[in-house]
Amino acid sequence: MTILFEPLDSDYHKRSVLYHATRLSMLHDRMLMRFDKVDEAADKVEAAAAVLVDITHGSAIDAFQNSVLRNSSADFLQMETGQTLGL
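The model shown is predicted, which means the values in this text are computed figures rather than measured ones.

(A) The overall build of the protein, seen in detail. Looking only at helices and strands, one finds 2 helices and 0 strands in the protein. Counting only residues that meet the buried cut, the protein has 7% of its 87 residues in that class. Accessible surface, the protein: about 8,100 Å² in total, of which carbon and sulfur atoms supply 62%.

See the structure below:
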């Protein structure tokens, strides 16, 4: 006795549409993550540009100290007036 089974998915077009919809959704999610990273990087660039403007338009010591207070990642750079970085 021979039993013939029908293929599990004989509708290739339906499978293709499902695959492409899933792929498009994944690419959309990746694109949104990249946009978030670009926004974050742009915010950092704007903050650095603001510090540069402060330095060029005012006292470098005041601008540097203000940037340290605004930027938590620069906490280790606390300096007293008159100190240098030793560059």
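(B) Representation of the pattern of salt bridges. In the structure shown here, the tally under the stated rule is 1 salt bridge. One salt bridge in this structure joins E40 and K44, with 3.8 Å as the shortest N-O distance. Of the two residues, E40 and K44 are both situated in helix α1 (residues 12-57); the distance of 4 residues between them amounts to about one turn of the helix.

(C) Local environment of a nonpolar patch on the surface. Side chains of M31, L32 and F35 sit close together on the surface and give an oily, nonpolar patch of about 280 Å² of accessible area. As for its placement among the helices and strands, M31 is situated in helix α1. For M31, a relative accessible area of 40% corresponds to the partly exposed category.

(D) Focus on a negative patch on the surface. The grouping of D36, D39, D43 and E46 at the surface amounts to a negative patch. Considering the arrangement of structural elements, one finds D36 in helix α1.

(E) View of a positive patch on the surface. Residues R23, R30, R34 and K37 make up a contiguous surface patch of positive charge. Within the element layout of this structure, R34 appears in helix α1. The exposed category is assigned to R34, whose relative accessible area is 60%.

So, how was this worked out
Residues numbered from 1 in each chain as written. Predicted model: local features only at pLDDT ≥ 70, side-chain atom pairs only at ≥ 80, totals over all residues. Heavy atoms only, no water. Helix = DSSP H or I, 4+ residues; strand = E, 2+ residues; numbered from the N terminus. Buried < 20%, exposed > 50% of the residue type's maximum accessible area, 1.4 Å probe, protein only. Areas by Shrake-Rupley, 256 points an atom, 1.4 Å probe, with all protein chains shown as cover. Salt bridge = Lys/Arg side-chain N within 4 Å of Asp/Glu carboxyl O. Patch = residues over 30% accessible without salt bridge, like charges linked within 9 Å, V, L, I, M, F, W, Y side chains within 5 Å. Lys, Arg positive; Asp, Glu negative; His and termini not counted. Charge placed at Lys NZ, Arg CZ, Asp CG, Glu CD.

Function cannot be inferred from these measures alone, as they are strictly geometric.
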